[in-house]
Amino acid sequence: EGMALPQRIFPPEKIRMDWQQRQRPGAGLFNLGNTCYINVILQCLTYTPPLANYLLSYEHSQSCQQQGFCMMCTMEAHVRKVLCSSASAILPGAVLRDLKFIGEEFEYGRQENAWEFLRCTLDAMHRACLSRRRDLDFSSQETTIIHQIFRGFMKSRVTCLSCQAVVDSYKAFLDVSLDIRAASSLITVLEDCVTPKQLDQKECFRCRKCKKKAAASKKVTVHHAPRVLTLCLERADQWTGTKISKFVEYPEYLDLRPYMSDTAGEPLLCSLYAIVVHSGDTCLEGHFLCYTKASNGLWYKMDDESVDNCDIHTVLGQQAYLLFYAR
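Described in the following lines is the structure provided in the data block. Quick caveat: nothing in here was measured; it's all calculated off a predicted structure. (Residues numbered from 1 in each chain as written. Predicted model: local features only at pLDDT ≥ 70, side-chain atom pairs only at ≥ 80, totals over all residues. Heavy atoms only, no water.)

Turning our attention to the pairing of strand 4 (residues 166–173). Direction of pairing for strand 3 (residues 152–160) relative to strand 4: antiparallel, over a ladder of eight bridges. Note on strand 4: the bridge partner recorded for Lys155 is Tyr170. Count of turn residues in the strand 3/strand 4 antiparallel hairpin: five residues, of which Gln164 carries a positive phi of about 70°. (Pairing = 2+ DSSP bridges. Helix = DSSP H or I, 4+ residues; strand = E, 2+ residues; numbered from the N terminus.)

Structural data, given as C-alpha cells:
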C-alpha cells in the first residue's frame, strides 16, 4: 500500500521462527578491550531464531560468489562456531578483523555504541545478500532475508483539522527508537506514539483539499509489523547528552495490535528473546552486556566470556537499552 511492488522477489526463504534444534547455550565471547559493544550484538543476533536457522542451513555460503569480505558468510561462520564450540568462550576474530568493512566509523579499541553496531551489521548483511545483483530495482532489493526478518513499515497519517482530509505516507524501518524521558513503561511509550498530535506552527500543513495552510494532526502507527521487532530505549538525553538511568518496565510478551494501523483482528503477539543493557554513569563510557534466550528455552546472562543462567524476573528487572521481540 503506497509502495511499488517488486519486479522480482528473491526466492522466498523458508523463514522458520522456531528453533530447528534445541541445545544448551553456546560459547561466550572474549573482550579484547572495549569490544563489549560488538559482543552483545553478535550474541543477540546469534540467538535470533529465524536468522540463526537460516545461517545454520549454509544456504547463503553455498551460493555466495562475493569476492573478499562478505558479512553473511562471516556471520554464518560465527554463529556456527558459537553454537557448536565445546569451548566456554571464543574470539570473534573475523568480525574484529573486518570491522572497517562493517562500519567505517568503528575504530578497534575504542568504545562504540551497540545500537550503531547493530544497524551497521544488519546493513552489511543486507548488502552481502545483494552482491552481484545491483541491477535489481529498489523494491526487489528490499526483499533480502535480512529485510524479510527485521523490516517493518510505519504509517504516518496527517489529518487536516479544518476539512478532515488525510494524507498518508509510509516509511520502512529495521528498528524503532523510543523517547523514554517521560515514560515509566514500554506500553505508555507505545501508547503515546500512536496518539494523534497537533502539528506546531513550524510544521505548516498545506491541505490539498482546502488549498491553504491549515492546522493538522499527525498519527504514527505500525503499518506492517516485522518478524523481529527491535526497540531502542534512548538512554542519551537529546538536550543535555546525559545518560537517562531509570527503569522502564517492559513485558515478556507484547501485543502489537493496539499500535497497528488496523487495530481490528487477532492479537499480534511478540515474545522477548534478548535485551542489551548498558552499565555506567555516562553514555560515552561504561560496559555493555546482554541477556538472551537460548534454543533450550532458558535465559542466560552473557557478559563477554561469561555465560550464566538466570530467570525471567532478572531479565525483566534491567535498565534495558535494546529490546528484541520475535513474532
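With that out of the way, let us pick up helix 3 (residues 71–84). Taking 1.5 Å per residue as the helical rise, helix 3 with its 14 residues ought to reach 20 Å, and the 20 Å between its terminal C-alpha atoms agrees with that figure. Listed as buried for helix 3 are Met71, Met72, Thr74, Met75, Glu76, His78, Val79, Val82 and Leu83. (Expected span 1.5 Å × (residues − 1). Buried < 20%, exposed > 50% of the residue type's maximum accessible area, 1.4 Å probe, protein only.)

Take the state of the cysteines next. Counted according to the given criterion, the structure contains zero disulfides. The thiol of Cys70 is unpaired, and the distance to the nearest cysteine sulfur, on Cys73, comes to 3.6 Å. Judged by its relative accessible area of 4%, Cys70 is buried. (Disulfide = S-S within 2.5 Å.)

According to the stated counting rule, one finds seven aromatic pairs in the structure shown. Ring plane angle 50° and centroid distance 6.5 Å describe the contact between Phe247 and Tyr250, whose orientation is recorded as tilted. Exposure remark for Phe247: the relative accessible area of 40% places this residue in the partly exposed category. Connected via pairs of aromatic rings, a cluster forms that spans Tyr37, Phe106 and Phe117. (Phe/Tyr/Trp six-rings, centres within 6.5 Å; stacked < 30°, edge-to-face > 60°.)

In short, the description is geometric, and any link to function would need to be established separately.
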